[in-house]
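# Structural overview for review
If you want the building blocks of each chain, they are given just below.
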Amino acid sequence: MISGAAVKTDEAGPDAWRRNLQGDARLEGPRDASWWTGLEPRHGRAPGVDAVGVVRGLPLPDLSRCTRADLLAYFENGWTITETLFAGLVGEEAFFRPPWHGLRHPLIFYYGHPAALYVNKMRIAGLLAGPVNADFEQIFETGVDEMSWDDLSKNESLWPTVAETREYRGVVHADVVRIIREHPDFDALPLGAAQPTPAGVHAVLMGCEHERIHIETSSVLIRELPVRLVRRHPAWPGDHPSAAAGSLAAPQVGARAPVQVQVCAGTSVIGKPADWPTFGWDNEYGRREIRVAPFAAASQLVSNVEYYGFVVDGGYRDPQWWSKDGWSWRTFRNAKRPAFWQPAGPEGLHEYRLRTIFDTVEMPWDWPVVVNAHESVAYAAWRGARDGCVYRLPTEAEQHRMRGGGPSAPSDEPGPSLAQGRVDDPGFNLSLTFGSEAPVSAMPANAAGFHDVFGNVWQWCQDHFAALPDFEVHPLYDDFSTPCFDGEHQVILGGSFTSLGAEAGAFARFHFRSHFHQHAGLRLVRPADPDAFVETTCSDGPGPHVGSGPCCTREGGRDAGRGSGYDSPTARDAYVLMHYGSAEQTFGDLAGPVDALSFAARVAERVNAWSVTAECGDARALDVGCAVGGSSFELARHFGDVVGIDLSSSFVETARSMAADGCIEFRRVEEGVHATTQIATAPDDVDRGRVSFRRADACALPPDLGAFDAVLLANVLCRLPSPRACLGRMGGPRGLVRPGGLLVVTTPATWDEKFTPRGAWLGGYERAGRYVTTLEGLHDELGAEFDLLHREDVSCVIREHARKFEFIIPELSVWRRRA
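Sequence order as written defines the numbering, with residues in each chain counted from 1. Since the coordinates come from a predicted model, pLDDT governs what is reported: local features require at least 70, and pairs of side-chain atoms require 80 or more to be given and counted, while whole-chain, interface and lining totals use all residues. Side-chain calculation: all heavy atoms of the structure are included, whereas hydrogens and water are not.

Right, let's get into the overall build of the protein. Looking only at helices and strands, the protein features 17 helices and 27 strands. Here the radius of gyration uses the C-alpha set of atoms, whereas the globule reference equals 2.2 Å times the residue count to the power 0.38. A compact globule built from 819 residues should have a C-alpha radius of gyration of about 28 Å, and the protein, at 27 Å, falls within 12% of that. Projected onto its principal axes, the C-alpha positions of the protein cover 80 × 65 × 55 Å. The classification of residues rests on relative accessible area computed with a 1.4 Å probe and restricted to protein chains. Under 20% of the type maximum is buried, over 50% is exposed, and intermediate values are partly exposed. The buried share of the protein, taken over its 819 residues, is 61%. Long-range contacts, defined here as pairs at least 24 residues apart, represent 77% of the contacts in the protein between residues at least 6 apart. For the accessible areas, the method is Shrake-Rupley and the probe is 1.4 Å, while residue cover comes only from the protein chains on display. When the accessible surface of the protein is summed, it comes to about 30,400 Å², and 51% of that surface belongs to carbon and sulfur atoms. Charged residues are defined narrowly, with Lys and Arg counted positive, Asp and Glu counted negative, and His plus the chain ends left uncounted. To locate a charge, the coordinates of NZ of Lys, CZ of Arg, CG of Asp or CD of Glu are taken. Averaging the coordinates of the 78 positive side-chain charges in the protein and doing the same for the 106 negative ones gives two points 2 Å apart. Every helix listed is a DSSP run of H or I at least four residues long, and every strand listed is a run of E at least two residues long, numbered separately from the N terminus. Pairs of residues are marked as contacts when any of their non-hydrogen atoms sit within 4.5 Å.

In structure tokens, the structure reads:
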């Protein structure tokens with residue numbers, strides 16, 4: 001049995017992670033044969049390794065043609081690339097040192113994560129009867145989608161050792177190979193263009209593509225490590241040869257205007273056809289047609305030398321170029337330049353080197369700059385003012401117009417081909433043609449005149465990540481896309497030099513928060529009419545998405561939801577009244593249902609009472625979807641440490657203010673635009689010092705929370721894009737509810753596709769000729785580890801104005817985790 005567990009340590013502080021170091025000297029030097037749990041990267045042995053021993057990505061399998069052997073080669077190719085990448089880490093510290101920004105797991109997680117996902121998805125598809133290692137399959141299951149640039153993970157966990165994780169990877173590799181070779185689902189290969197993919201084949205392909213995503217993620221995290229902790233393995237592709245021609249001082253061409261290519265008006269069709277015979281992620285499917293107005297766009301990506309002008313002109317010191325959130329990020333991080341630019345002397349000298357994945361080189365000024373979305377938007381604003389015009393990022397639809405049309409067959413897609421796999425004649429800088437960016441003019445322009453519409457670096461777009469019409473979650477991975485349909489993730493398109501498989505394809509749609517650093521840059525677009533509304537894939541479109549930017553909030557568009565609606569002053573004031581208001585404040589002189597008042601307090605009282613009855617302990621409680629904190633304070637009557645979590649920054653700020661001051665002002669709507677100022681107070685007999693609040697997504701709860709004696713989920717599940725992702729964190733080896741602990745759920749079961757895709761509903765849908773209730777759905781998700789102790793109906797009321805109220809009767813259920 002492979003042992004190991006990621007648990008909170010007793011030691012806190014910035015160096016707590018060092019407790020993971022065991023002195024494994026085998027990781028200091030070159031890897032020996034024992035390192036490779038799959039195929040060692042040797043020509044003639046491992047797929048994708050060329051005659052000089054360098055590994056690159058294979059094309060995404062065409063299921064209408066591929067065989068078991070083709071799929072096995074594709075799996076082995078990805079597995080070998082992962083192990084070649086991690087063979088470039090020097091010493092244990094490289095595996096366990098947290099990223100400098102504190103927002104992601106250390107690299108040991110990404111070493112084990114792909115293997116754990118293979119197991120979990122193959123189990124769901126029925127390919128495996130049980131876990132390989134249940135602890136590891138939870139420890140390595142969920143990554144971090146950080147909520148904000150200041151939501152810093154403590155990184156105090158104890159992780160499995162590298163040797164234990166390598167042993168685990170070896171067992172999983174053998175299982176996947178055996179399944180591809182022997183399982184009857186794979187007898188169907190090749191499928192033919194219109195046949196459905198068997199669940200087993202889809203599960204393995206999902207693992208292959210997920211692994212390729214994390215090859216790129218890991219390469220970014222390795223690029224962020226101190227260079228002393230990395231050493232390129234000989235099988236990893238070298239940087240583009242132009243790296244050798246870099247210089248410290250920039251050439252004086254930073255003010256040169258970008259070459260503009262005119263694009264005429266036309267229609268972009270976005271979405272992957274359902275019968276396309278290659279793997280696709282759920283967000284790629286559907287169809288949306290967008291009429292695109294004429295525009296001009298730069299023929300090349302913004303280069304380091306162009307961005308250099310912004311840096312030396314004081315762009316990082318001038319808030320006029322930045323969005324409000326972008327400036328907050330810049331000041332918090334004290335950013336002075338792109339993350340991978342390293343000063344070669346005093347700040348005022350403006351001489352820089354560039355950090356690549358495994359090296360630091362003198363600055364290749366003609367490579368594309370790698371920046372986040374905040375920096376991209378700021379540069380576009382600065383450059384537009386300098387050139388006397390308006391520049392902005394492209395929309396997803398405009399990016400498609402620059403491509404000049406979609407592929408007609410898988411062989412037309414921009415992934416690797418025989419020609420593109422040759423370093424002497426590359427078509428795109430994709431799939432590890434090179435191990436770094438290449439000059440912005442190195443790859444040939446397409447027929448429309450644009451370089452790098454695919455590859456080199458990802459390109460930030462204006463659009464928030466959104467579902468296409470007819471979007472459906474895939475049952476094997478229902479929380480792959482949906483948690484990010486929140487108006488806080490920006491679309492990136494085109495792939496980078498490390499993008500492999502489906503990531504490198506024509507239909508790929510990926511996304512990150514604006515402060516996230518990826519191998520991503522930007523291209524400038526100059527609209528013909530800067531004042532005209534520009535349609536994006538997140539504006540007025542169907543699907544469970546709400547945005548928070550201008551593209552999402554025009555008149556008639558969506559302006560409420562998880563991201564923006566609950567952050568509005570109106571919602572904040574309504575919830576303050578709901579959580580803390582008296583009968584007089586709520587109903588005035590009218591006769592109202594007073595038994596429905598104080599919902600937050602009454603639910604918390606149930607948690608406190610059942611914790612005593614079930615003898616569950618009173619040390620720690622977690623309030624998920626805490627809103628403005630009323631239930632969290634009531635939980636502090638019984639529990640010594642209470643953590644309240646909510647997605648809304650406005651709610652969390654309000655709860656923190658209440659904790660600090662004990663009271664807060666709010667506006668109560670009387671009629672129309674008339675409102676009165678009221679005072680809400682926290683209970684004066686509660687120790688508010690026991691309560692802390694933080695912002696987090698219930699679909700991706702932070703890994704550093706630890707375990708609790710009781711967890712409350714109050715009226716949150718039916719407003720989540722993936723309620724199962726939330727419930728899945730309650731149990732298991734890293735479960736938020738400790739064994740013997742309590743889980744209390746309230747829900748009005750208001751399932752709505754604006755918030756939750758129908759395939760992710762817990763209830764309210766038909767199955768096998770009968771409708772499933774939400775309580776039955778909870779049984780399905782929790783029954784393996786939890787026992788239902790109690791259910792009841794509890795009422796609540798929310799005031800809209802003096803004569804209009806929303807009356808709700810949620811169902812409350814009490815569950816105890818088996819010890």
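Quick look at the sheet that holds strand β7 (residues 341-343) now. By definition, the strands of a sheet pair up through backbone hydrogen bonds, in either a parallel or an antiparallel sense. In this scheme, strands are said to pair when DSSP sees at least two bridges between them. One open sheet accounts for three strands, arranged β7-β8-β9; its pairing is antiparallel. Two strands bound the open sheet, and with one partner strand each, they are β7 and β9 (360-362). Across this sheet, the average inter-strand angle for adjacent strands is 40°, counted without regard to direction. Where helices are involved, their axes are fitted lines through C-alpha atoms of the stretch in contact, as for all axes, and angles between N-to-C directions lie from 0 to 180°.

Throughout this description, the term salt bridge denotes a Lys or Arg side-chain nitrogen within 4 Å of a carboxyl oxygen of Asp or Glu. A full pass over the atoms with the stated rule returns 41 salt bridges. For Arg287, the salt bridge identified is with Glu289, shortest N-O distance 2.6 Å. A relative accessible area of 48% means that Glu289 is categorised as partly exposed. Two residues, Arg383 and Asp387, come together in a salt bridge whose shortest N-O distance is 3.2 Å. Of this pair, Arg383 and Asp387 both sit in helix α9 (residues 373-387), four residues apart, which is roughly one turn of the helix. Owing to a relative accessible area of 0%, Arg383 belongs among the buried residues under this scheme.

With that settled, consider the packing of helix α7 (residues 304-312) against α9. If you want to describe how two helices pack, look at the angle between their axes and the distance between the axes. Between α7 and α9, the shortest axis-to-axis distance is 10 Å and the interhelical angle comes to 80°. Between α7 and α9, the angle falls in the class roughly perpendicular. The residues of α9 that touch α7, namely those facing Glu306, Tyr307, Gly309 and Phe310, are Glu375, Ala378, Tyr379, Trp382 and Arg383. By residue class, the composition of the contact of α7 with α9 is five nonpolar, one polar and three charged. Note that the term roughly parallel is reserved for angles under 35 degrees, roughly antiparallel for angles over 145, roughly perpendicular for angles of 65 to 115, and oblique for everything else. Note that Gly is not counted as nonpolar here; it falls among the polar residues with everything else outside the nonpolar set of Ala, Val, Leu, Ile, Met, Phe, Trp, Tyr, Cys and Pro and the charged set of Asp, Glu, Lys and Arg.

Further remarks concern the pairing of strand β25 (residues 796-801). As paired strands, β25 and strand β26 (residues 804-808) are joined by five bridges and run antiparallel to one another. Across the sheet, Val797 pairs through a bridge with Phe807, a residue of β26. Hairpin connection from β25 to β26: two residues lie between these consecutive antiparallel strands.

What you see with strand β5 (residues 288-292) is a clean split: Arg288, Ile290 and Val292 sit on the buried side and Glu289 and Arg291 on the side with no burial. Relative to β5, strand β4 (residues 266-270) runs antiparallel, the two being bridged by five bridges. When the bridges of β5 are listed, Ile270 appears paired with Arg288.

This brings us to the packing of aromatic side chains. What counts as a ring pair is set by centres within 6.5 Å for rings of Phe, Tyr and Trp (its six-membered ring), and what kind of pair is set by the plane angle: stacked under 30 degrees, edge-to-face over 60, tilted for all other angles. Here the structure, examined in full by the defined rule, presents 43 aromatic pairs. Taken together, a centroid distance of 5.1 Å and an interplanar angle of 70° make the contact between Trp276 and Phe507 edge-to-face. Taken together, the residues Trp276 in the loop between β4 and β5 and Phe507 in the loop between β11 (489-493) and β12 (510-513) connect sequence positions 231 residues apart. Accessibility classification places Trp276 together with Phe507 in one group, the buried group. Between Phe310 and Trp322, the ring centres sit 6.2 Å apart and the planes meet at 40°, which makes this aromatic pair tilted. With Phe310 in helix α7 and Trp322 in the loop between α7 and α8 (324-333), the pair connects residues that are 12 residues apart, well separated along the chain. Counting every residue linked through ring pairs, the aromatic cluster contains Tyr307, Tyr308, Phe310, Tyr316, Trp322, Trp327, Trp329, Trp341, Tyr352, Trp365, Tyr379 and Trp382. Directly above the ring of Trp35 sits Arg31, whose terminal nitrogen or CZ lies 4.5 Å from the centroid. Whether a charge lies above a ring is judged from NZ of Lys or CZ of Arg, which has to be within 6 Å of the ring centre and within 35 degrees of the ring normal. If you follow Arg330 out to its NZ or CZ, it ends over the ring of Trp327, 4.5 Å from the centre.

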